[in-house]
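Remarks on the overall topology
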There are 2 protein chains.
Amino acid sequence: MTKQPDHKYEIVKQYFINFIQKNDLKKGDKVFSENEAMERLKVSRHTVRKAIGDLINEGWLISVKGMGTFVNDPGAFINKPSKLIGVITTYITDYIFPEIIAGLEDVFHRKGYNIMLGNTSNEIEKERQCLLNFLGQDLAGVVIDATKSAYPSANIDLLNEFRKRKIPVLFIHSYYREFDSSYVVENDEYGGYTGTLHLIKRGMKKPAGIFKSDDMQGHLRYKGFLKALSENSMSIEDDNIIWFNTYDKKNMLNKTNSGFIDGRIIDILGRCDGILCYNDEIAYYVLEIAKKTGIKIPENCRLVGFDDSKLAIMADVKLTSVSHPKNELGRITAESIIKMINKSETFVKMVIKPELIVREST
Amino acid sequence: MTKQPDHKYEIVKQYFINFIQKNDLKKGDKVFSENEAMERLKVSRHTVRKAIGDLINEGWLISVKGMGTFVNDPGAFINKPSKLIGVITTYITDYIFPEIIAGLEDVFHRKGYNIMLGNTSNEIEKERQCLLNFLGQDLAGVVIDATKSAYPSANIDLLNEFRKRKIPVLFIHSYYREFDSSYVVENDEYGGYTGTLHLIKRGMKKPAGIFKSDDMQGHLRYKGFLKALSENSMSIEDDNIIWFNTYDKKNMLNKTNSGFIDGRIIDILGRCDGILCYNDEIAYYVLEIAKKTGIKIPENCRLVGFDDSKLAIMADVKLTSVSHPKNELGRITAESIIKMINKSETFVKMVIKPELIVREST
DNA sequence: AATTATTTGTGCGTATGTATC
DNA sequence: AGATACATACGCACAAATAAT
């Protein structure tokens, strides 16, 4: 029930399109001339030109003075979908993200997608700017490493806008509790649990932990830590848990104003015999402080980190670390969002079980 | 010297555009009618309609039957330029590139540009694919870390295509000799020179060097190395120079099939008392071999690396390293290509002088 | 509620210009 | 040089939507 067009030029346009499709004309093939169109359809030259002009604007045809009119893109009407995927990272420089991006890039490249990169430095405002930017870009999908995922997000409105536009969004590492979304994450609770069990097995009596307070990973690793302790009838004193956040971490790594945290680390190094550290960066930092204060790792105190980064291998005392395969995580993420884009899967909720890699620090 | 258009409808179009701009009309404001245009410009209705039709297609105007013609997007004429910059890296994961990208990203983000990322793994074919891909993307500019810059490039044709399209291309780290282009590079010759002078000052009598054969940096660092030696009336035996390439490096880092290079490193460690290493990764690798074979650094042999990467600080024996500020390099690069895009500078040839950072390995 | 003037949309006829083959 | 094909340009007539009277 194709509606009969009221206007002659609509009939002419349709005639051209039918002509292209029936004869299976490809880009560059010539169509009949304006004069011939006049005769075939018994319309004026003006009407033919109006029709052809429309089809040129719509991308169907191209005309060349003195030569004729040619098929441009017979599939122009398909409105080909975007092949661009936005990736929002927290820290590009961060010790594990480059590897994940390398995995992402490799898969996306192979499948003909491009990456558009944004970086938040774990700041909510920068995340907002990236999202706003991406909303103006006709993306096929978005991969996000959530900023400060432990807290309610100020950017849910923008995430909902992506949903409204049916642009798939896939979280990596963590996600916002209040926004039901697709994600590929590590099983951080299990990671904390297994790391702590390992410390207990190695004889830890006085446990301590250092966790990041503003992302979900920190909370979940802490949860696993508590679970392992309680299953083994151990308790933990509040004083032996150090919570730090993005701001503290920046100061620590820049060695500015880190006195408070340093003091607390010295405290627990003196009091405890096992520390579950939020990640390898922290474990490495603890190692340095231990060296300065003469505490021996692992003899006096054992350390477990997370992420199995290069730091873990390069440290004086090679670090035991809980980790996922990073490049692989990037690949899985890329493949997942491509499935979402192709609608072969609408929701992806993937939790990757990490493994404990035992080294000298325990 | 705006070219006077040959056709009447061009004049009419320009008249409409001037009218909108002079009266500062906003979206939705009405412009004069077709009849009035006929009278004002003394042209036929047909010509006026052709002009208005063009402007509608270009996004300037919208007309409503029975009401009139209205301004749609008063800025459409700008044909707003792309705000997307392609960045081609060799190794995203590489120990210094993430920091450079972070610097790039920060500046680009601030100036409203987006990064599209490509990765070559230092393979010419992948570089070609990235360039081809970028040619189909309407980019404002391209930043490239050249692949195997010591060799003639197979991709000059594509680089010339960018030039033809007047898309600025800026090389970083190195560039192709046969393609006269803009670049931001480190002064690698000076770096090799100053690193070698430092080794000589520390008493090096039997020099050795390890260089990468397939990028320009390796050749230039070698050149600086030779210069420093000859200025101090020292000579170098061919056997004490190790050349490696991308393929060897991959094997070395994966600890597969690296026997040949390992043997040569053991050789020079036994024979020589100072090694200028292509970069910190190599210096770190040499350090590990030295540890295994019982050679003491710096007592028996001194090492100088390049890049001042995290590796330099984390090694057992902290590495002396020749380096530029990496984040800063990213910033300079970003600012340079933005200047090129804005045409405030057409060619950028910037050579950044590296500094020697002295640590335990010398 | 109907009329009228205005404005854009469709359509035809004609003439001339200009690029390509 | 001539034929063909698209490009520009003018004039005219009528249709359809809108706004004001």
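Residues numbered from 1 in each chain as written. Chains lettered and ligands numbered in written order. Predicted model: local features only at pLDDT ≥ 70, side-chain atom pairs only at ≥ 80, totals over all residues. Heavy atoms only, no water.

Below, the discussion takes up the pairing of strand β13 (residues 320-323) of chain A. All names here are of chain A. Along β13, one buried face is formed by Thr320 and Val322 and the opposite face, lined by Ser321 and Ser323, is buried too. Sheet analysis places strand β12 (residues 302-306) next to β13, joined by 3 bridges and oriented parallel. From the neighbouring strand, Phe306 faces β13, where its bridge partner is Val322. Two elements, β13 and strand β15 (residues 355-357), share 3 bridges in a ladder whose sense is antiparallel. Residue pairing for β15: Val322 is matched across the bridge by Leu356. (Buried < 20%, exposed > 50% of the residue type's maximum accessible area, 1.4 Å probe, protein only. Helix = DSSP H or I, 4+ residues; strand = E, 2+ residues; numbered from the N terminus. Pairing = 2+ DSSP bridges.)

Between the two chain copies there is a screw-like relation: a rotation about an axis and a shift along it. Mapping chain A onto chain B calls for a rotation angle of 179° and an axial translation of 0.9 Å; the resulting RMSD is 2.4 Å. Both chain copies can therefore be described as sitting about a two-fold axis. Residue Asp316(A), judged by its C-alpha, is the member of chain A lying nearest the rotation axis, at 2.5 Å. Counting the interface residues of chain A, we find that 100% of their copies in chain B are interface residues as well, pointing to one common contact surface. (Least-squares fit on C-alpha atoms with pLDDT ≥ 70 in both. Contact = heavy atoms within 4.5 Å.)

Neighbouring residues of DNA strand D: 23 residues in total, closest Glu34(A), Lys8(B), Tyr9(B), Ser44(B) and Thr47(B). What you see for DNA strand D is that sugar and phosphate hold 76% of its atoms within 4 Å of the protein. The contact in question runs from a phosphate oxygen of DNA strand D to an N or O atom on the backbone of Glu34(A), over 2.8 Å. In the environment of DNA strand D, a phosphate oxygen lies 2.3 Å from a nitrogen or oxygen atom belonging to the side chain of Thr47(B). Only α3 (45-57), β2 (61-64) and β3 (68-71) of chain A together with α1 (8-22) and α3 (45-57) of chain B provide two or more residues apiece to the surface near DNA strand D. Ranked by the residues each element gives to the surface near DNA strand D, the list is headed by α3(B), at 4 residues. Taken together, the residues that form the surface near DNA strand D break down as 5 nonpolar, 10 polar and 8 charged. (Near = heavy atom within 4 Å. Polar contact = N/O pair within 3.5 Å; in protein donor to acceptor, adjacent residues only side chain to side chain. Nonpolar A, V, L, I, M, F, W, Y, C, P; charged D, E, K, R; others polar.)

Our focus in this paragraph is the packing of aromatic side chains. One pass over the structure, following the stated rule, counts 24 aromatic pairs over all chains. Relative to Phe32(A), the ring of Phe16(A) has its centre 4.7 Å away and its plane inclined at 25°; by these criteria the two rings are stacked. Here Phe16(A), found in helix α1 (residues 8-22), pairs with Phe32(A), found in the loop between β1 (30-31) and α2 (34-41); they are 16 residues apart in sequence, far enough to count as distant. Judged by relative accessible area, Phe16(A) falls into the buried class, the value being 0%. When the centroid spacing of 5.7 Å and the interplanar angle of 85° are considered together, the rings of Phe171(B) and Tyr176(B) count as edge-to-face. An identical accessibility class is assigned to Phe171(B) and Tyr176(B); each is buried. Among the aromatic residues, those joined into a ring-pair cluster are Tyr15(A), Phe16(A), Phe19(A) and Phe32(A). Lying across the ring of Phe32(A), Arg40(A) places its NZ or CZ 4.2 Å from the centre. (Phe/Tyr/Trp six-rings, centres within 6.5 Å; stacked < 30°, edge-to-face > 60°. Lys NZ or Arg CZ within 6 Å of the ring centre and 35° of its normal.)

Approximately 1500 Å³ is the volume attributed to the second largest pocket. Going through the elements one at a time, α3, β2 and β3 of chain A together with α3, β2 (61-64) and β3 (68-71) of chain B are the ones with two or more residues in the lining of the second largest pocket. Among the elements that take part in the lining of the second largest pocket, α3(B) stands out by supplying 9 residues, more than any other. Looking at the lining of the second largest pocket, its residues break down into 11 nonpolar, 18 polar and 10 charged. (1 Å grid on protein atoms, 1.4 Å probe; cavity = no way out; pocket = protein on both sides within 12 Å on 5 of 7 lines; lining within 4 Å. Points joined across faces, edges and corners; volume = space filled by probe spheres on them.)

Chain A puts 27 residues into the contact, and the matching count from chain B is 28 residues. Surface buried jointly by chain A and chain B totals about 2600 Å² across both partners, of which 53% is contributed by carbon and sulfur atoms. Inspection of the region where chain A meets chain B yields 2 salt bridges. A salt bridge links Lys126(A) to Asp106(B), with the shortest nitrogen-to-oxygen separation between them at 3.6 Å. Here chain A is connected to chain B by 7 residue pairs in polar contact (both at pLDDT 80 or more). Of all the secondary structure elements, the ones that give two or more residues to the side of chain A that touches chain B are α3, α4 (97-110), β5 (114-119), α5 (124-135) and α12 (310-314) of chain A. A breakdown of the residues in the side of chain A that touches chain B according to their chemical character gives 12 nonpolar, 10 polar and 5 charged. Of the strand pairs in this sheet, β5(A) and strand β5 (residues 114-119) of chain B are connected by 3 bridges, and their pairing is antiparallel. Bridge assignment links Ile115(A) to a residue of β5(B), and that residue is Leu117(B). (Buried area = accessible area lost by both parts, 1.4 Å probe. Salt bridge = Lys/Arg side-chain N within 4 Å of Asp/Glu carboxyl O.)

Turning to the protein's contact with DNA strand C, a few remarks are in order. Every one of the 22 residues lining DNA strand C counts as a neighbour, but Lys8(A), Tyr9(A), Ser44(A), Thr47(A) and Glu34(B) are closest to it. Each atom of DNA strand C within 4 Å of the protein was assigned to sugar, phosphate or base; sugar and phosphate come to 73%. In the model, a base nitrogen of DNA strand C is placed 2.9 Å from a nitrogen or oxygen of the Arg45(B) side chain. Of all elements in the fold, only α1 and α3 of chain A together with α3, β2 and β3 of chain B reach the threshold of two or more residues within the surface near DNA strand C. Considering every element that reaches the surface near DNA strand C, the biggest residue donor is α3(A), with 3 residues. Each residue belonging to the surface near DNA strand C can be placed in one class, and the counts come to 5 nonpolar, 10 polar and 7 charged.

Residue and element names in this part refer to chain B. Turning to helix α6 (residues 156-164), its buried residues number three or more, namely Ile156, Leu158, Leu159 and Phe162. Projected down its long axis, α6 carries its buried residues within an arc of 165°, all on one side. Of the surrounding elements, those touching the buried residues of α6 are α5 (124-135), β6 (141-144) and β7 (169-172). Positive backbone phi, approximately 60°, marks Lys166, located one or two places after α6. (Arc of directions from axis to C-beta.)

All names here are of chain A. Spatially, 6 strands are ordered β10-β9-β11-β12-β13-β15 in an open sheet, and the strand pairing comes out mixed. Single-partner strands in this sheet number two, and they are β10 (241-244) and β15. Going across the sheet, the axis of each strand differs from the next one's by a mean of 15°, ignoring polarity. Summarising the sheet, strand β9 (residues 207-212) and strand β11 (residues 274-277) pair through 4 bridges and their orientation is parallel. Residue pairing across strands places Pro207 opposite Gly274, the latter belonging to β11. Lying on the sheet, helix α11 (residues 280-293) is in contact with β9, β10, β11, β12 and β13; it crosses β12 at an angle near 150°. (Axes fitted to C-alpha atoms, helices over the stretch in contact; angles between N-to-C directions.)

Another aspect to go through is the packing of α5(A) against helix α4 (residues 97-110) of chain B. Relative orientation of the contacting elements α5(A) and α4(B) amounts to 70°, with a least axis distance of 12 Å. Taken together, α5(A) and α4(B) sit at an angle that is classed as roughly perpendicular. Helix-helix and strand crossings are classified by hand; for α5(A) and α4(B) the assignment is left-handed. Mapping the contact onto sequence places Lys126(A), Gln129(A) and Cys130(A) in α5(A) and Glu105(B), Asp106(B) and His109(B) in α4(B). Taken together, the residues of the contact of α5(A) with α4(B) sort by class into 1 nonpolar, 2 polar and 3 charged. (Parallel < 35°, antiparallel > 145°, perpendicular 65-115°, else oblique. Left-handed = near helix turned anticlockwise from the far one by under 90°.)

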